[in-house]
Amino acid sequence: MKFKAIPFCILSLFLAFGLKAQNQALPFADEVKEVQERIATTWNPTEKTIVFTGSSSIRMWHDLQERFPGAQVLNTGFGGSQSSDLEHFLNELILDYSPAQVFIYEGDNDINAKKSPRSIIGTMEDILKELQSNRPEMDIVLISAKPSIARWHLKRKYMRLNKRLKKLAAQTQGVRYVDVWKTMLNKRKLKRDLFIEDGLHMNTKGYDLWYAALKDYVNNTL
């Protein structure tokens, strides 16, 4: 039985549709592409670069460059992401920019999605291994999960995650941990004036506290 060869033009169409469908099925592919396109207009590869990445608490920090003017700061945050999403886009969001330092905020949405702290740490271990195998000299800072009004009922799970993140950083050379959880509390009570109307994302007061917690970590490496 003989089979007719598929014309190249038809085969190309099949491949194109297949790739398009794959990209559409991949969570955050469009948003990551938009991040890349935005950064391409300003990024100078000859300058020392610091990358801040992670979920919406990073994405919505619009004045990062103004707060940390000592180096070129790139914000590659993508809202709604979990640690597994960041793992998939490590090249596009971190490694492609050859940063001297990266700040990572993930785990917040993972806990809300009912992932266990242990499974999140497993993903973070994979992320750190991949980053360090590609850029062993890069300084990595893990930002703790933050408290929030909307997710205060999950506080114990967040606290367990933060404890594990701190331990992971302590056991991994070239990795540091910064705590933003305690600075957003008044003793054991949440400072409720740090959030916008949704009770999840921060206002300027919230980012002021994050800046105070993070500034020495940036300055110590430049």
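Look up a bit, the structure's there.
Residues numbered from 1 in each chain as written. Predicted model: local features only at pLDDT ≥ 70, side-chain atom pairs only at ≥ 80, totals over all residues. Heavy atoms only, no water.

Undergrad: Any chance you could explain the overall build of the chain here in plain terms?
TA: On a plain count of helices and strands, the chain comes out with 10 helices and seven strands. Split into buried and exposed, the 222 residues of the chain put 45% on the buried side. Looking at the chain as shown, the accessible area adds up to about 12,500 Å², and 53% of this sits on carbon and sulfur atoms. (Helix = DSSP H or I, 4+ residues; strand = E, 2+ residues; numbered from the N terminus. Buried < 20%, exposed > 50% of the residue type's maximum accessible area, 1.4 Å probe, protein only. Areas by Shrake-Rupley, 256 points an atom, 1.4 Å probe, with all protein chains shown as cover.)

Undergrad: It is not clear to me how a positive patch on the surface should be interpreted in this structure. Could you clarify?
TA: A contiguous patch of positive charge on the surface is contributed by Lys114, Arg118, Arg156, Lys157, Arg160, Lys163, Arg164, Lys167 and Arg188. Along the chain, arginine 118 turns up in helix H8 (residues 117-134). (Patch = residues over 30% accessible without salt bridge, like charges linked within 9 Å, V, L, I, M, F, W, Y side chains within 5 Å. Salt bridge = Lys/Arg side-chain N within 4 Å of Asp/Glu carboxyl O. Lys, Arg positive; Asp, Glu negative; His and termini not counted. Charge placed at Lys NZ, Arg CZ, Asp CG, Glu CD.)

Undergrad: Sorry if this is basic, but what is going on with the pattern of salt bridges here?
TA: Once their charged atoms are close, side chains differing in charge can pair, the charge on each being opposite to the other. Counted under the stated rule, the structure contains nine salt bridges. Between lysine 146 and aspartate 108 there is a salt bridge, with its nearest N and O atoms 3.0 Å apart. Residue lysine 146 is found in the loop between strand E4 (139-143) and helix H9 (155-171), and its partner aspartate 108 is found in helix H7 (residues 108-112); the two are separated by 38 residues along the sequence. Look at lysine 146 and you get buried, because its relative accessible area is 2%. For aspartate 108, a relative accessible area of 3% corresponds to the buried category. Between lysine 205 and aspartate 193 there is a salt bridge, and its shortest N-O distance comes to 3.4 Å. Of this pair, lysine 205 sits in helix H10 (residues 204-219) while aspartate 193 is found in the loop between strand E7 (189-190) and H10, placing the two residues 12 residues apart along the sequence. On the accessibility criterion, aspartate 193 (42% relative accessible area) is partly exposed.

Undergrad: Sorry, what's going on with the sheet that holds strand E1 (residues 49-54) here?
TA: Strand pairing in a sheet relies on backbone hydrogen bonds. The paired strands run either parallel or antiparallel. The parallel open sheet is built from five strands, whose spatial order is E2-E1-E3-E4-E5. Single-partner strands in this sheet number two, and they are strand E2 (72-75) and strand E5 (175-178). This sheet shows a mean twist of 20 degrees between the axes of neighbouring strands, independent of strand direction. As paired strands, strand E3 (residues 101-105) and E4 are joined by four bridges and run parallel to one another. For valine 102, the partnering residue across the bridge sits in E4 and is isoleucine 140. On the sheet, H8 packs against E3, E4 and E5 and is oriented at approximately 160 degrees with respect to E4. Packing of H9 onto the sheet brings it into contact with E4 and E5, and relative to E5 it is tilted by some 150 degrees. (Pairing = 2+ DSSP bridges. Axes fitted to C-alpha atoms, helices over the stretch in contact; angles between N-to-C directions. Contact = heavy atoms within 4.5 Å.)

Undergrad: Explain the side chain of threonine 123 to me, please; I cannot follow it from the model alone.
TA: Tracing the backbone through its elements, the reader meets threonine 123 in helix H8. Look at threonine 123 and you get buried, because its relative accessible area is 15%. The residues contacting threonine 123, other than those within four sequence positions of it, are Ser83, Ser84 and Glu87.

Undergrad: Which parts of the structure should I look at to understand unusual backbone geometry?
TA: Only a minority of non-glycine residues have a phi that is not negative, and only a minority of peptide bonds are not trans. Phi angles above zero are rare outside glycine, and phenylalanine 28 is one such case at about 75 degrees. Position of phenylalanine 28 among the secondary structure elements: in the loop between helix H1 (8-25) and helix H2 (29-40). The backbone of lysine 187 sits at a positive phi, close to 60 degrees, despite the residue not being glycine. Structurally, lysine 187 can be placed in the loop between strand E6 (185-186) and E7.

Undergrad: Which parts of the structure should I look at to understand H9?
TA: An α-helical turn contains 3.6 residues, so a residue and the one three or four places further along point in the same direction. In this model, H9 (17 residues) spans 24 Å end to end at C-alpha, consistent with the 24 Å of a helix rising 1.5 Å per residue. Those residues of H9 that fall on the buried side of the exposure criterion are Tyr158, Leu161, Asn162, Leu165, Leu168 and Ala169. Buried residues in H9, looked at end-on, bunch into an arc of 125 degrees, giving them a common side. For H9, exposure combined with an orientation more than 90 degrees from the buried face picks out Arg156, Lys163, Lys166, Lys167, Ala170 and Gln171. In this structure, the buried side of H9 is in contact with H7, H8, E4 and E5. (Expected span 1.5 Å × (residues − 1). Arc of directions from axis to C-beta.)

Undergrad: Even after reading the chapter, I still don't get the pairing of E1, so can you show me in this structure?
TA: A regular strand carries its side chains on alternate faces of the sheet. The buried fraction of E1 is high, at six of six residues. Burial of E1 is two-sided: the residues Thr49, Val51 and Thr53 facing one way and the residues Ile50, Phe52 and Gly54 facing the other way are all buried. Where E1 lies against E2, four bridges are found, and the strand directions are parallel. Of the residues in E2, the one forming a bridge with isoleucine 50 is valine 73.

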